[in-house]
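What follows is each chain in one-letter form.
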Amino acid sequence: MFENLSDKLQRVFKNLRGEGKLTAANMEEALREIRVALLEADVHFRVVKQFIEHVKEKAMGEEVLTALSPGQQVIKIVRDELTKMLGGHQARLRFSNEPPTVILIVGLQGSGKTTSAAKLARFLAKEGSKPELVSVDVYRPAARHQLSVLANTVNTPIYEGAPEETTPLELARSARRQAVQTGRDVLLVDTAGRQHIDDQLMQELQQLKEALNPTEILFVADAMTGQDAVKSADEFHRRLGITGVILTKMDGDARGGAALSIRSITGQPLKFVGVGEKTDALEAFYPDRIASRILGMGDVLSLIDKVQENIDQATAEKMQEKLLGDDFTLEDFRDQIKQIRKLGSLGGLLDMMPKIGPLKELKDTKIDEKEINRVVAIIDSMTPKERRNHMLINGSRRRRIAKGSGTSVQEVNNLLKQYAQARKMMKSFTGPGGMLGKKLMKMKLPGLPGLPGF
Ligand SMILES: Nc1nc2c(ncn2[C@@H]2O[C@H](COP(=O)(O)OP(=O)(O)O)[C@@H](O)[C@H]2O)c(=O)[nH]1
Ligand SMILES: [Mg+2]
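Residues numbered from 1 in each chain as written. Chains lettered and ligands numbered in written order. Predicted model: local features only at pLDDT ≥ 70, side-chain atom pairs only at ≥ 80, totals over all residues.

*Asks:* Any chance you could explain the overall build of the protein chain here in plain terms?
*Replies:* Along the protein chain, the regular secondary structure elements total 20 helices and 8 strands. Counting over 454 residues, the protein chain shows a buried share of 43%. Put simply, of all contacts in the protein chain between residues at least 6 apart along the chain, 76% involve residues at least 24 apart. (Helix = DSSP H or I, 4+ residues; strand = E, 2+ residues; numbered from the N terminus. Buried ≥ 20, exposed ≤ 12 C-beta atoms within 10 Å, placed from the backbone. Contact = placed C-beta atoms within 7 Å.)

Next comes the structure, spelled out in structure tokens:
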């Protein structure tokens, strides 16, 4: 559902990647495009405004990581802000200390309350809870029957009600009593909805809230209705007080604006998303994962995190200087390869890179960890002098190195060739960022010369 937004944002990043550094001008342009992309995705204008301000502040701020290229830095900032906009951390269901925990499920008609109640029952049972269902929709017998059928599907007990129980309150109270008696620890209350918010509905829900003291009041919203979903969530929150939102029909072609706005506008977290009609089509909502999915950067994002965690800033800077200078020795070559290895398995590293733009060509590259170990072993078998001046390494030295590292002369020759190639490439490399990335493509791994600007 975020495809359009995702495409547009990726285009912005692609353009930025070509830039050597962030300037007020290229940042302004990027921000303008991001703004349009968000508005077109139907994100609430107030949320967009705030978002752009925050990204701008951070991008222009001093929080700059030399291990990341300008494009990557902006991606990181946008990802962080998107995550924040979606609520930051996963908002889990809360449970009462005095079971049963009551979860009131509210919302407009047709939003997906009954379906979501059954989905939640299934979800909770899987997590080890013992849920019970009750429908208090006394206006439509068909609605209560619908929940009975679904309860059966998800193997959850349901309180069906006695003939004399005709009000939502009576039904709910009896259901709770039964839950206590039968040792059920969560009571899911499916309520009636209306086409529009009206006083009668609100009064009824208010009464249920007072009588049941629910731990959660989950507002069910239909993502397809876009900003209307946000508006009604907001109104329900003001009039009733909700504790979270379930956004349904995320499997449809909604543009995603509701998901992106609801937290900022209502202050209440999105807890679950419905992604289909079946009872297993419910997902807990993880802001960080969704933000990554929206950016669609494969996992360049995890890569950014890894770089941040593992590369020591000073080393990276020193390395960058060396890359630009003339004295790129075999020692540096080895250190670089070791740095890369520090990031984890190289295969994993490649998987994390987005398979777009110039990196497409890397898609099927397989990196051999053993080969890296071999390279390091060969360089380790050289004398410090040899490492600093590869011209010294003649035939007999090559044989000695091969023996010392348990490799063959041919492998030593190959390594020296790769090193020479890397060196040549360094020399023709004129600035940080995108350029290096392009040249990298033409190189045979593991002559991968380093991290700056993939
Ligand atoms: N595609 C899709 N359909 C859903 C989802 N949730 C509910 N529905 C459908 O939406 C319609 C209304 O759902 P229902 O639970 O009866 O809504 P209620 O009136 O709020 O109780 C039904 O046809 C459901 O199958 C969802 O996540 N994805
Ligand atoms: Mg219903």
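*Asks:* Mind showing me how you'd approach the packing of helix H1 (residues 3-17) against helix H2 (residues 24-40) here?
*Replies:* It is the contact of H1 with H2, at a shortest axis distance of 9 Å, that shows an interaxial angle of 175°. As the angle between them shows, H1 and H2 are arranged roughly antiparallel. Contacts between H1 and H2 involve Asn4, Leu5, Lys8, Leu9, Val12 and Leu16 from the former and Asn26, Ala30, Glu33, Ile34, Ala37 and Glu40 from the latter. When its residues are assigned to classes, the contact of H1 with H2 shows 7 nonpolar, 2 polar and 3 charged. (Axes fitted to C-alpha atoms, helices over the stretch in contact; angles between N-to-C directions. Parallel < 35°, antiparallel > 145°, perpendicular 65-115°, else oblique. Nonpolar A, V, L, I, M, F, W, Y, C, P; charged D, E, K, R; others polar.)

*Asks:* Help me out: how do you make sense of the site of ligand 1 in this one?
*Replies:* Close to ligand 1 lie 19 residues, the nearest being Gly112, Lys113, Thr114, Thr115 and Gly274. Per-element tally for the shell around ligand 1: the top contributor is helix H5 (residues 113-126), with 3 residues. Taken together, the residues of the shell around ligand 1 sort by class into 3 nonpolar, 12 polar and 4 charged. (Near = placed C-beta within 6 Å.)

*Asks:* How should I be thinking about the pairing of strand S4 (residues 186-190) in this particular structure?
*Replies:* Successive side chains on a regular strand alternate, one facing one side of the sheet and the next facing the other. Of all 5 residues that make up S4, 5 are buried, and the element is covered over most of its length. As judged from the 5 bridges shared by strand S1 (residues 101-107) and S4, these two strands associate in the parallel manner. Paired with leucine 104 across the strands is valine 189, a residue of S4. Relative to S4, strand S2 (residues 131-135) runs parallel, the two being bridged by 5 bridges. The partner of glutamate 132 across the bridge, within S4, is leucine 187. (Pairing = 2+ DSSP bridges.)

*Asks:* Just to check I follow, could you spell out helix H9 (residues 227-239) for this structure?
*Replies:* For the α-helix, the turn length of 3.6 residues means that residues three or four positions removed from each other point alike. In this model, H9 (13 residues) spans 18 Å end to end at C-alpha, consistent with the 18 Å of a helix rising 1.5 Å per residue. Turning to H9, its buried residues are Ala229, Val230, Ser232, Ala233 and Phe236. (Expected span 1.5 Å × (residues − 1).)

*Asks:* I tried to follow helix H18 (residues 395-405) on my own but got confused; where do I start?
*Replies:* Residues of H18 that are buried include every one of Arg398, Ile401 and Ser405, and no others. Angular distribution of buried residues about the axis of H18 spans 65°; they occupy a single face of the element. Turned more than 90 degrees from where H18 packs its buried face, Gly395 and Ser396 sit exposed. Looking one or two residues beyond H18, the residue adopting positive phi is glycine 406, at roughly 65°. (Arc of directions from axis to C-beta.)

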